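A structural walkthrough
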Amino acid sequence: MRELAGDPWVRFDRDSTLDCVMQDALRDNELAPATVARVSQTGTAIRCAAHGLGVTLVPASAVPHDYVHLTRPVSPAVSQPVIAGLRHAAGPAELALLDLLRQETWHRSASVSPVP
């Protein structure tokens, strides 16, 4: 992240979760870069960055295959908690999703516990 200190940034709308995540990452790394654009969609942010407008921070899953060569992971990794809510009469798909989440290797300690 510190290597990007002098670069302009393509940010998200102020009320978006992605901008909150980006703002936290910038603050945690003591960065206050210039914002050159605000967008509402990850695809728009990616295209702006790919065309040289500035850098951006998006989930790896949002990057199209054709743009992967332009990306690099940030360190330390940026993450958000995952919360799964199931109804009392959960169906097979919901239970399968919960089982997959339990098998996932998480960056931080995670717990899976039912809520009454």
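Below is a short write-up of the structure.

Structural notes on the overall build of the protein chain
- Broken down by element type, the protein chain carries three helices and two strands.
- Helices and strands in the protein chain line up, N terminus first, as β-α-β-α-α.
- Per-residue burial over the protein chain gives 22% buried out of 116 residues.
- Within the protein chain, residue pairs in contact and separated by at least 24 positions form 59% of the contacts whose partners lie at least 6 positions apart.

Overview of the environment of E94
- Relative to the helices and strands, E94 is located in helix α3 (residues 92-103).
- By relative accessible area, E94 is classed as partly exposed at 22%.

Focus on the pattern of salt bridges
- Applying the stated criterion to the full structure yields six salt bridges.
- Linking R2 and E30 is a salt bridge whose minimum nitrogen-to-oxygen distance equals 3.9 Å. In this pair, R2 is assigned in the segment before β1 (9-12) and E30 in the loop between α1 (17-28) and β2 (35-39), connecting sequence segments 28 residues apart. As far as burial versus exposure is concerned, R2 and E30 are alike and both exposed.

Some details on the pairing of β2
- Pairing of β1 with β2, which is carried by four bridges, proceeds in the parallel orientation. In the sheet register, R11 faces β2, and the bridge partner there is R38.
- Read from β1 through α1 to β2, the crossover connection turns out right-handed.

Parameters at a glance
- Residues numbered from 1 in each chain as written.
- Predicted model: local features only at pLDDT ≥ 70, side-chain atom pairs only at ≥ 80, totals over all residues.
- Heavy atoms only, no water.
- Helix = DSSP H or I, 4+ residues; strand = E, 2+ residues; numbered from the N terminus.
- Buried < 20%, exposed > 50% of the residue type's maximum accessible area, 1.4 Å probe, protein only.
- Contact = heavy atoms within 4.5 Å.
- Salt bridge = Lys/Arg side-chain N within 4 Å of Asp/Glu carboxyl O.
- Pairing = 2+ DSSP bridges.
- Right-handed = clockwise from strand over helix to strand, strands pointing away.

Bear in mind that shape data such as this cannot, by itself, settle questions of function.
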